[in-house]
Amino acid sequence: MEGEFLLEVKGVHKHFPGVHALNGVNFQLRRGEVHALVGENGAGKSTLIKIISGVHNIDNGEYLIEGKPANIRTPHEAIEKGISVIYQELTLIPHMSIAENIFFSHLPNTRGKVNWKEVYEKTRELMSYVGLDENPRTKVGYLPVAKQQLVEIIKALSANAKIIIMDEPTSALSNNEIENLCRIIKELKSKGIGIIYISHKLDEILELSDRITVLRDGQYIDTVETADVTQDKLVSMMVGRELKDMYPRQACEPGEVVLEVKGLTTEKVYDVSFNVRAGEIVGFSGLMGAGRTELARAIIGADKRISGQVIVNGKAVPADATDKALEMGIGYVPEDRKNHGIFAQCCIRKNMTISALKQFKNTVKINRSNETLSVNKMVEDLHIKTPSIEQLISKLSGGNQQKVILARFLMMNGIKVLIIDEPTRGIDVGAKAEIYNILDQLTHQGLAVVMISSEMPEILSMCDRIYVMKKGRVTAEFKRGEATQEKLLSKAI
Amino acid sequence: MEKTSKGHFFKSITRFEQAALVIALLAICIVFSILSSSFMTVLNITNVLRQVSLMVIAGIGMVLLLLLGEIDISVGSLQAAVGIASVTVLNATGSIILALLAALATGVVSGLLNGIIVTKGGVNSFIATLGTMAIIRGIGMVVTKAVSIPVRVPEFAEIGAGQLFGIPVPVIISAALVIFFYFVLNHTIFGRQIYAIGGNSEAAKLAGLPVQKIKLQVFVLAGVLFALSAFILASRLDAGQPIAGQGFEMQVIAAVILGGVSMSGGNGTLSGALLGMLILGVIQNGLVLLNVSSFYHDIVRGAVIILAVYLDERRKKNAAKQLLRSSNK
């Protein structure tokens, strides 16, 4: 057991200009082990992975593979030594076939002529191993993300990987697909392959991994046996303080009905009716593609409605004008923060006030000092970490960007309904708890919140009522306390 | 105001670039003043400014459109159509005011047409205005049977040629417009919304901005500005010419992009665009003074377009690199 590690990193330091990215980090990987790497954004996980995979070189410390110095200087050398990385954003070539993607760096050939028969046979063999049922000639671009990921895994296997690094592998997968991935990981383990697993989803890590290494601010905190820790313990190791309660929800007495949706139908949503009262958080659970985002878009008038009505405080919300919906007090925090939420070329101030500019207008001019005052107050209230409100928003962490987008609507005087789509996707644990706290406080001020989420614990703990959607329809409604993960899942599939 | 060196990345890039543009402008001026003794004269400088002012008035409209992520290449054809419309009205009524109204109305109609095709029809604005460019030029030709209409009201020439306190009238008009639109872009809700929509129109829509409405408004506003420059052009030509403004669109677009306004929307400043237009104006004037054949002007103009777009692409790449670097830390 104790003999040789597959991979070992000892006292590693890495500096970037102005940042001590890794400060004496240790990490070991055994054969047939799933070793999870956790930490908040900026903790140094990515840097460590990049050192292991040859993208960066170490400043100080040791990097051993099977007890010998690794001598890995480039990503190519890492692959030759049997290290494969499956990145969050997949790196396949979409217009090439599955087989070509897997073998393009090492096509079997006789004197330069490719043996296509062999290529396809080997591909089929590997595909059946991971349970991928496709034609090897299919172009990768036509495959859904989950299947593309399987192709990445096959690619790693075909390169005789001994160490596979998975960076947030489940962030784009449905529950079924996650189960399949877990099964494959177990098979890889039984073959003696070591897996380094990075994820924000702690429940997943607790289920899958054998050991867990925690990093915080570039420091090595500890390595623990998974069997010996709880989620709370892990979280407090990651954030460096006890998080008394991740989910602060204290339900308040619901008020009047604020938002009422009647028979809403679009191309992707069928006959959806529900209401939300002031002070309530109403959740929408379901698989990816169940039509929840499309429902939100139809409510604010961003997508065409075919029939149905949306009513806020007794008044109908027009079908085709998001500006009217905003004026009537509906704010929408989108799921895809990078592409649909932020204005990347603008600073925090301009990002935050874009929806509430009317409040800062005197005659024709925007009153800069009032604007700055309000933005600074929001930055303080929501604990947005930034040196200045003139900082580009794209330089903030995901959690702080999300807070800026939240603030965009919270600073509006007439806000009544907040629809928040995947409120904590790609956000680290500390910021997550803060966002839950903000949402909870808002409902106590009478805001009606609609929360769309694929994360079961979050929806179960935060929502007063939960609707489940499947293929564009609402399939169930649960009250707080009635719902369980199993019940939600059975209605979603 | 708080300032951090990092937070002002984009601003500092534009500042750095604008410094480069100022230096380029000065260098070009020095070269021409060495090559030609008549370059650095009050007469010539007034002349350059008078010529550039037409480009500036239309250029403001183009800046607004480019910031939104749209474009209007029918501006050259519109120079002819507006000239014909206003000279016709002028000759019929003898009223410069009515002629101006006719010009502005033509601009509004063309802006509405382009705007509606783009916003309601969902047609890419380059293609849409490529179409209207041909249509508007064609209408001008049909109406005049390709013959220029001379102006019969002598006072009309005063608009283009006249001076106020020794400064040419077109220069005064364009300066006033630059100041006004600088204020609009930097200090009003409308300006803020234009930058936001150009930067990310989907995010703008979801944040509750009336994206289509603002696009339509800007197309009309640009149409009016194009018409104003055409009105002054007609005065300077002393005629409504069906071939007026040929190639004007490329001149305006090249100058504005050279001045740092991005083709992809959301980035750029009016002051940068102004520098770009001055540079192009001075180059053209210098070539005339040096008796370079007008055919070479086209070659220079083409080279400037390629240079401008190349700089724009490089700028985008650098920005992307910078963002990547900061997010990888």
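Procedures and definitions
- Residues numbered from 1 in each chain as written.
- Chains lettered and ligands numbered in written order.
- Predicted model: local features only at pLDDT ≥ 70, side-chain atom pairs only at ≥ 80, totals over all residues.
- Helix = DSSP H or I, 4+ residues; strand = E, 2+ residues; numbered from the N terminus.
- Rg over C-alpha atoms; globule rule 2.2 N^0.38 Å.
- Buried ≥ 20, exposed ≤ 12 C-beta atoms within 10 Å, placed from the backbone.
- Contact = placed C-beta atoms within 7 Å.
- Pairing = 2+ DSSP bridges.
- Core = buried A, V, L, I, M, F, W, Y, C linked by C-beta atoms within 7 Å.
- Domains from an automatic or database assignment.
- Axes fitted to C-alpha atoms, helices over the stretch in contact; angles between N-to-C directions.
- Nonpolar A, V, L, I, M, F, W, Y, C, P; charged D, E, K, R; others polar.
- Expected span 1.5 Å × (residues − 1).
- Arc of directions from axis to C-beta.
- Parallel < 35°, antiparallel > 145°, perpendicular 65-115°, else oblique.
- Left-handed = near helix turned anticlockwise from the far one by under 90°.
- pLDDT = per-residue confidence, 0-100.

**A word on the overall build of chain B**
Regarding its fold elements, chain B presents 13 helices and four strands. At 20 Å, chain B has a C-alpha radius of gyration in line with the 20 Å of a compact globule built from 329 residues. The C-alpha extent of chain B, read off along each of the three principal axes, is 70 × 55 × 35 Å. For chain B, buried positions account for 46% of its 329 residues.

**A few points about the overall build of chain A**
Helix and strand counts for chain A come out as 17 helices and 24 strands. Seen through its C-alpha atoms, chain A measures out along the principal axes to roughly 75 × 50 × 45 Å. Here chain A, with 493 residues, has 47% of them falling under the buried criterion. Across chain A, every contact between residues at least 6 apart in sequence was considered, and the portion connecting residues at least 24 apart equals 67%.

**With respect to the sheet that holds strand 14 (residues 272-277) of chain A**
Sheet architecture is open: four strands sit in the order 14-13-16-17 (chain A), paired in antiparallel fashion. Since the sheet does not close on itself, it has two edges, and those belong to strand 14 and strand 17 (315-316) of chain A, each with one partner.

**Considerations on the environment of A:Lys147**
Residues and elements named next belong to chain A. Note that Lys-147 resides in helix 5 (residues 145-158). Judged by the 20 C-beta atoms lying within 10 Å of it, Lys-147 falls in the buried class. Sequence separation between Lys-147 and Ile-86 is 61 residues, and the spatial gap between their C-alpha atoms is 13 Å. Every residue in contact with Lys-147, bar those within four places of it in the chain, is listed here: Leu-132 and Glu-134.

**Points about the nonpolar core**
Core analysis: the largest hydrophobic core is formed by 231 residues, its most contacted members being A:Ile330, A:Ile393, A:Val417, B:Val63, B:Leu64 and B:Val256. Of the residues forming this core, the biggest block, 16 residues, is contributed by helix 10 (residues 211-237) of chain B. No fewer than three residues from each of domain 1 (7-239) and domain 2 (257-492) of chain A sit in this core. Aside from chain neighbours lying at most four places away, what touches A:Ile330 is A:Ile299, A:Ile300, A:Val312, A:Val317, A:Ala325, A:Val417 and A:Ile419.

**Points about the sheet that holds strand 21 (residues 417-421) of chain A**
Residues and elements named next belong to chain A. The six strands are arranged 18-21-22-15-23-24 in an open sheet whose pairing can be described as mixed. What marks the edges here is a single partner per strand, and that holds for strand 18 (330-333) and strand 24 (473-479). Taking each pair of neighbouring strands and ignoring which way they run, the sheet shows an average axis angle of 20°. Inspection of the sheet shows strand 23 (residues 465-470) paired to strand 24 by six bridges, in the antiparallel sense. Residue pairing for strand 24: Tyr-467 is matched across the bridge by Glu-477. Along the sheet, helix 15 (residues 429-444) makes contact with strand 15 (281-286), strand 21 and strand 22 (448-452), crossing strand 22 at roughly 150°.

**Notes on the interface of chain A and chain B**
Chain A puts 36 residues into the contact, and the matching count from chain B is 27 residues. Counting only elements with at least two residues in the side of chain A that touches chain B, the list comes to helix 10 (322-327), helix 11 (337-341) and strand 20 (365-366) of chain A. When residues in the side of chain A that touches chain B are grouped by element, the largest group, four residues, is from helix 10 of chain A. Grouping the amino acids of the side of chain A that touches chain B by side-chain chemistry returns 19 nonpolar, nine polar and eight charged.

**So, unusual backbone geometry**
Across residues other than glycine, the phi torsion is negative in most instances, and most of the peptide bonds are trans. A positive phi angle is found at A:His383, which is not glycine, with a value near 55°. By secondary structure assignment, the location of A:His383 is in the loop between helix 13 (368-381) and helix 14 (398-410). On the basis of neighbour count, A:His383 is assigned to the partly exposed category, with 14 C-beta atoms found within 10 Å. One non-glycine residue, B:Lys145, lies in positive phi territory at about 50°. The residue B:Lys145 is located in the loop between helix 5 (125-144) and strand 1 (149-150) in this model.

**Topic: the environment of A:Leu202**
Residue and element names in this part refer to chain A. By secondary structure assignment, the location of Leu-202 is in helix 7 (residues 202-208). Sequence separation between Leu-202 and Val-429 is 227 residues; the distance between their C-alpha atoms is 9.5 Å. Beyond its immediate chain neighbours, meaning those up to four positions away, Leu-202 contacts Gln-231, Leu-234 and Val-235.

**Description of the domain arrangement of chain A**
Residues and elements named next belong to chain A. Along its sequence, chain A is carved into domain 1 (7-239) and domain 2 (257-492). On a C-alpha basis, the centroid separation for the pair domain 1 and domain 2 is 34 Å. The interface of domain 1 with domain 2 comprises 10 residues on the first partner and nine residues on the second. Tallying contributions element by element places helix 8 (residues 231-239) first for the side of domain 1 that touches domain 2, with three residues. Its residues placed into classes, the side of domain 1 that touches domain 2 shows three nonpolar, five polar and two charged.

**Considerations on the pairing of strand 3 (residues 34-38) of chain A**
Residues and elements named next belong to chain A. Counting buried positions along strand 3 gives five out of five residues, so the element sits mostly inside the fold. The side-chain alternation of strand 3 yields two buried faces, one formed by Val-34, Ala-36 and Val-38 and the other by His-35 and Leu-37. Sheet analysis places strand 3 next to strand 10 (residues 194-198), joined by four bridges and oriented parallel. From the neighbouring strand, His-35 faces strand 10, where its bridge partner is Ile-196. Relative to strand 11 (residues 211-216), strand 3 runs parallel, the two sharing four bridges. Within strand 11, the position partnered with Ala-36 by the bridge is Ile-212.

**What about helix 5 of chain B?**
Residues and elements named next belong to chain B. If you check helix 5, its first and last C-alpha atoms are 28 Å apart, about what 20 residues at 1.5 Å a residue would give, namely 28 Å. Residues of helix 5 that are buried include every one of Ser-125, Ala-128, Thr-129, Thr-132, Ile-136, Arg-137 and Gly-140, and no others. An end-on view of helix 5 places all buried positions within 160° of arc, on one side of the element. Away from its buried face by more than 90 degrees, helix 5 exposes Ile-127, Ala-134 and Val-142.

**Concerning the packing of helix 3 (residues 75-93) of chain B against helix 4 (residues 96-119) of chain B**
Two quantities define a packed helix pair, namely the angle between the axes and the distance from one axis to the other. Residues and elements named next belong to chain B. Where helix 3 meets helix 4, the closest approach of the two axes is 8 Å, and the angle between their N-to-C directions is 150°. Considered as vectors, helix 3 and helix 4 are oriented roughly antiparallel to each other. Crossing of helix 3 over helix 4 shows right-handed handedness. Contacts from Leu-78, Ala-81, Val-82, Ala-85, Ser-86, Val-89, Leu-90 and Thr-93 in helix 3 reach Ile-96, Leu-98, Ala-99, Leu-100, Ala-102, Ala-103, Thr-106, Gly-107 and Ser-110 in helix 4. Tallied by class, the residues present in the contact of helix 3 with helix 4 amount to 12 nonpolar, five polar and no charged.

**Quick notes on helix 1 (residues 45-52) of chain A**
Residues and elements named next belong to chain A. Most of helix 1 sits out of view: seven of its eight residues are buried. Of all the positions in helix 1, only Lys-45, Ser-46, Thr-47, Leu-48, Ile-49, Ile-51 and Ile-52 are classed as buried. Gly-54 sits one or two residues past helix 1 and shows a positive phi near 85°.

**Digging into the confidence of the model for chain B**
Should the pLDDT be low somewhere, the predicted coordinates at that spot are not to be read in detail. Residues and elements named next belong to chain B. Across chain B, the average pLDDT comes to 89, with 92% of residues at 70 or higher. Under a pLDDT of 50 for its full length, residues 1-10 has, in the predicted model, 19 contacts with residues more than four places off or in other chains. Predicted complex, confidence summary: ipTM 0.84, pTM 0.76.

**Considerations on the packing of helix 4 (residues 116-130) of chain A against helix 5 of chain A**
All names here are of chain A. In contact at an axis separation of 10 Å, helix 4 and helix 5 are set at 120° when each is read in the N-to-C sense. Relative to helix 5, helix 4 is oriented oblique. By crossing handedness, the relation of helix 4 to helix 5 is classed as right-handed. Residues Leu-126, Met-127 and Val-130 of helix 4 lie in contact with helix 5, whose contacting residues are Leu-150, Ile-153, Ile-154, Leu-157 and Ser-158. Per-class residue counts for the contact of helix 4 with helix 5 are seven nonpolar, one polar and no charged.

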